[in-house]
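Take a look at the letters that make up each chain.
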Amino acid sequence: MSAPSPRTDPAARPRSSWRGSLRLRLTAVFGLLFFVAAAAVLAGAVILVRNSMQYSLDIVFSPDHASDSDSGTKSIIMDSMRRNLLTKGGLTVLAVGVLATTAGWLVSGRLLRPLHRITSTAERIAGQTLHRRIALDLPPGEVKRLADAFDQMLDRLDGAFAGQERFIANAAHELKTPLVINRTLVEVALNQQDVPPETQQLGVNLLAVNARHERLIDALLTLARAGDALTDRVPLDLADICLAVIEAAEPDAVREEVRMTHRLAPASTVGDPILLEQMIRNLVENAVRHNRRGGHLEVTTRHSARGSQVEVTNTGAVISAHEIPVLFEPFRRLTDRIGSARGSGLGLSIVRAVAQTHGGDVAAVPRPGGGLTVCVTLPAREGHAGTRRP
């Protein structure tokens, strides 16, 4: 299962990538080492040339017979030699240092090319599927060992996820089949003639309990699947999904006397339509179920700077800010005990799991007059312009 990763500002990524670039650091180290070595060589050359010139000038201008003019000439020659050597030597060191730094940039890029390949492959694997491998074709070495170790880890992860998918499929069959059989037997018994009222009521209660168990199993399986890496990613509009979910939830809202409104602007994203529909359905059903008689529910979709958003606001009981994290924990409820008829306590847990699997996040804020505002933010699909809905 993929772990959620924190969202970062796209504008800050180039700066942070340059600041942490290994290639840039290697180039800076290569250039700095060259300039330090070149400066040491230049300083040594100045000392050696000065000593050599001093010895030669001492021979030409013998100290025993040197006049004041000879001493001045000797000093002028030494100063000229030193300035000439430092100027031309410094320019040479600077020019060769620039060339060496450029060569270091090119060489470090070539040396790090296998690491870039490993990184790009890992990013594709994290975003799509575990079936890809790096398969780095290089002679044995440190980078080759790293790539092979990463491929072995992917083999084990792929096997583990495949086993988990088989377990989920088998669990869905083994858990739901007895419930379906029980529901069929109870319905057949209730359809018989001359059923006593007590038995009739018992059958209705058994059907209600059976239906709740089926919903609980479906929620658990959805929660298990929501944490897996997505393999079915298609472009879609969250507004279309919200409209379908709202129409399906209308009978429950009428029965609970909850007034539903919506403001559906285009909110394009890329993801699994089944999981996203389940996520929005959980939001709307929770907003209806945990509302009050004569209350209000509003569903909003929009595109913002953070991405495509779905926001569901409902009236209801007053909720404190410190109680919000409890709502997103599996099987945790604020007022109702587990096993009550008002849900399984997995609704918002599924919402968070689906959002994080799609690279998004969810936040909840209590309303001052009671109720809750839940906002799901998903990465927007780039380059798409929709039409505004009424």
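As the structure is a computational prediction, the values presented were derived from the model and not from experiment. (Residues numbered from 1 in each chain as written. Predicted model: local features only at pLDDT ≥ 70, side-chain atom pairs only at ≥ 80, totals over all residues. Heavy atoms only, no water.)

Notes on the side chain of Thr373
Turning to its location among the elements, Thr373 is positioned in strand S7 (residues 372-378). The buried category is assigned to Thr373, whose relative accessible area is 17%. At a separation of 3.3 Å, a polar atom in the side chain of Thr373 contacts the side chain of Thr313. (Helix = DSSP H or I, 4+ residues; strand = E, 2+ residues; numbered from the N terminus. Buried < 20%, exposed > 50% of the residue type's maximum accessible area, 1.4 Å probe, protein only. Polar contact = N/O pair within 3.5 Å; in protein donor to acceptor, adjacent residues only side chain to side chain.)

Details of the packing of helix H7 (residues 273-289) against helix H9 (residues 347-357)
Remark: H7 packs on H9, axes separated minimally by 9 Å, with the N-to-C direction vectors making an angle of 145 degrees. Like other packed secondary-structure pairs, H7 and H9 cross with a definite hand, here left-handed. Taken together, the residues of H9 that come into contact with H7 (itself represented by Leu275, Leu276, Gln278, Met279, Asn282, Leu283 and Asn286) are Gly347, Leu348, Ile350, Val351, Val354 and Ala355. For the contact of H7 with H9, the residue count by class is nine nonpolar, four polar and no charged. (Axes fitted to C-alpha atoms, helices over the stretch in contact; angles between N-to-C directions. Left-handed = near helix turned anticlockwise from the far one by under 90°. Contact = heavy atoms within 4.5 Å. Nonpolar A, V, L, I, M, F, W, Y, C, P; charged D, E, K, R; others polar.)

Quick word on the packing of helix H6 (residues 238-255) against H7
In contact at an axis separation of 9 Å, H6 and H7 are set at 40 degrees when each is read in the N-to-C sense. What the angle tells us is that H6 and H7 run oblique. Here H6 and H7 pass one another in a crossing that is right-handed. Note on element contacts: H7 touches H6 through Pro273, Leu276, Glu277, Ile280, Arg281, Val284 and Val288, opposite Leu238, Ile241, Cys242, Val245, Ala249, Asp252 and Ala253. Residues that form the contact of H6 with H7 fall into these classes: 11 nonpolar, no polar and three charged. (Parallel < 35°, antiparallel > 145°, perpendicular 65-115°, else oblique.)

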